[in-house]
Structures are given as structure tokens and as C-alpha cells.
Amino acid sequence: MFTQIDHVGIAVADLDEAIEFYRKAFDMEVVHEETNEEQGVREAMLAVGGSGSCLQLLAPLNESSTIAKFLEKSGPGLQQLAYTVTDVDAVSETLRERGLRLLYPEARRGTANSRINFVHPKDAGGVLVELVEKAKDTDH
Ligand code: V0V
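So, here is what we can say about the structure in this document. As the structure is a computational prediction, the values presented were derived from the model and not from experiment.

Points about the site of the ligand
Close to the ligand lie 22 residues; Lys69, Gln80, Thr111, Lys122 and Glu130 are nearest. Take Gln39: an N or O atom from its side chain is 2.9 Å from a nitrogen atom of the ligand. Between the ligand and Gln79 there is a distance of 2.9 Å, counted from a nitrogen atom to a backbone nitrogen or oxygen. Look at the ligand: alone it shows 1000 Å² of surface, and the protein chains cover 72% of it. Comparing atom positions with the cavity grids shows the ligand to sit within the largest pocket. Among the secondary structure elements, those contributing two or more residues to the shell around the ligand are strand 4 (54–60), helix 2 (66–74) and strand 5 (77–84).

Take a look at the structure:
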């Protein structure tokens with residue numbers, strides 16, 4: 001079902017400060033950065049060696065962002081665990097059949113034109129699980 005850990009998402013208040021921290025403390029470099037208006041985030045992907053898995057730093061774009069709400073309630077830290085899948089529609093359907101709530105009826109646009117959906121954290125042991133079907137032409 002899942003082919004690898006795509007990324008681990010961390011909520012941060014200030015994206016530039018967080019990027020600087022990860023660069024200085026852990027020698028990690030940004031491989032992709034973008035703003036996703038629909039998701040209400042500014043985000044950066046940082047490579048974890050050559051593993052293919054990334055760290056995703058997520059900063060809120062505005063006060064109504066899910067990340068703003070998360071920061072207010074829980075403070076900065078781990079917000080989500082994302083798995084790579086080859087077909088997000090098929091995996092979402094399988095998980096629905098298994099009784100898990102998917103957040104969206106249809107996949108939405110994620111990082112670098114990936115297609116994404118989420119399993120509600122209350123149905124996944126307290127973990128916000130993201131499913132990521134990568135765009136064909138990307139390596140992150
Ligand atoms: C909320 N809860 C969480 C959680 N967020 N538990 C674990 N991890 C999280 N991230 C718990 C919370 O403690 C509450 O538990 C309960 O769920 C309801 O929380 P809430 O504060 O009322 O929050 P809601 O219901 O307003 O929103 C929660 C959901 C929301 C998960 C529905 O955050 C959401 O829609 N997330 C998906 C979109 C997203 O995260 N976008 C930003 C990343 P108690 O207190 O009732 O026990 S964008 C992204 O990842 C991109 C672009 C990408 O990867 O490509």
C-alpha cells in the first residue's frame with residue numbers, strides 16, 4: 001500500500017527561521033519551496049541524505065490556516081506523517097472500505113503537483129496521515 005515515507009511534516013511559526021535552524025543544526029538543505037494557498041501554508045522540503053524521504057517545514061499563511069490552529073493548540077512540532085502511494089484514489093478507497101475517514105472526497109493538489117489526501121488523526125492512532133501520489137516528473 002505505502003511505498004516509503006514521503007515526508008514528515010513539522011509545524012513552524014516562521015519558515016525562514018526554521019530553514020536556517022535545520023541548515024545550521026543538521027546540515028539539511030532545501031530541495032523545494034512553495035506556497036500552497038488552498039492548504040494555507042508556506043512550505044519547504046528538506047532532503048534527509050539520499051533516502052528519498054524529506055522533512056517538510058510548514059508555516060501558516062494566515063490565521064485561518066490549519067497550521068495556525070495547530071501551532072495555537074500544540075505549539076511547533078510534528079504535525080503529520082506522509083506516505084508515498086502509487087495511486088492515491090485507490091488507496092483512499094481501500095482505507096474508506098476499512099472504516100477510516102479520509103478528509104477529502106477527492107484528492108487535492110499537494111507539493112510539486114502531487115495529489116494528496118489525509119486520514120483523520122482520530123482514525124489513525126492520533127497521527128495525521130497523508131497519502132502522496134507524486135507527479136510523474138518529480139524526485140521529491
Ligand atoms: C488535530 N488533531 C490532531 C492534529 N490536528 N492530532 C494529531 N495530529 C494533528 N495534526 C486532533 C486534535 O488534537 C483534536 O483532538 C482533534 O484532532 C480535532 O482537532 P481540531 O483542533 O478541532 O482540528 P480540526 O478538526 O479543525 O482539524 C484537524 C484536521 C485538520 C486534521 C481535520 O488539521 C486538517 O484538515 N488537516 C489536513 C490538512 C493539513 O494539515 N494541511 C496543512 C499541511 P481532541 O483535542 O479532540 O482530542 S499541507 C501539506 O501537507 C501539503 C501541501 C503537502 O504535503 O503536499
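Observations concerning the layout of surface pockets
Roughly 930 Å³ of volume is contained in the largest pocket. Around the largest pocket, the lining comprises 35 residues; the ones closest to its centre are Thr66, Phe70, Gln79, Pro121 and Leu128. Among the elements of the structure, strand 3 (41–47), strand 4, helix 2, strand 5 and strand 7 (115–119) are those that each provide at least two residues to the lining of the largest pocket. It is helix 2 that provides the largest number of residues to the lining of the largest pocket, a total of six residues. Across the lining of the largest pocket, the residue classes tally to 14 nonpolar, 15 polar and six charged.

A word on the sheet that holds strand 7
As summarised here, the arrangement of the eight strands in space is 2-3-4-1-5-8-7-6, forming an open sheet in which the pairing is mixed. Two strands bound the open sheet, and with one partner strand each, they are strand 2 (30–36) and strand 6 (108–109). Both strand 6 and strand 7 contribute to a ladder of two bridges, which runs antiparallel. The partner of Arg108 across the bridge, within strand 7, is Ile116. The strands that helix 3 (residues 88–97) touches are strand 7 and strand 8 (129–133); relative to strand 7, the one it contacts most, it runs at about 15°.

Parameters at a glance
- Residues numbered from 1 in each chain as written.
- Predicted model: local features only at pLDDT ≥ 70, side-chain atom pairs only at ≥ 80, totals over all residues.
- Heavy atoms only, no water.
- Near = heavy atom within 4 Å.
- Polar contact = N/O pair within 3.5 Å; in protein donor to acceptor, adjacent residues only side chain to side chain.
- Areas by Shrake-Rupley, 256 points an atom, 1.4 Å probe, with all protein chains shown as cover.
- 1 Å grid on protein atoms, 1.4 Å probe; cavity = no way out; pocket = protein on both sides within 12 Å on 5 of 7 lines; lining within 4 Å.
- Sits in = over half its atoms within 2 Å of the grid points.
- Helix = DSSP H or I, 4+ residues; strand = E, 2+ residues; numbered from the N terminus.
- Points joined across faces, edges and corners; volume = space filled by probe spheres on them.
- Nonpolar A, V, L, I, M, F, W, Y, C, P; charged D, E, K, R; others polar.
- Pairing = 2+ DSSP bridges.
- Contact = heavy atoms within 4.5 Å.
- Axes fitted to C-alpha atoms, helices over the stretch in contact; angles between N-to-C directions.

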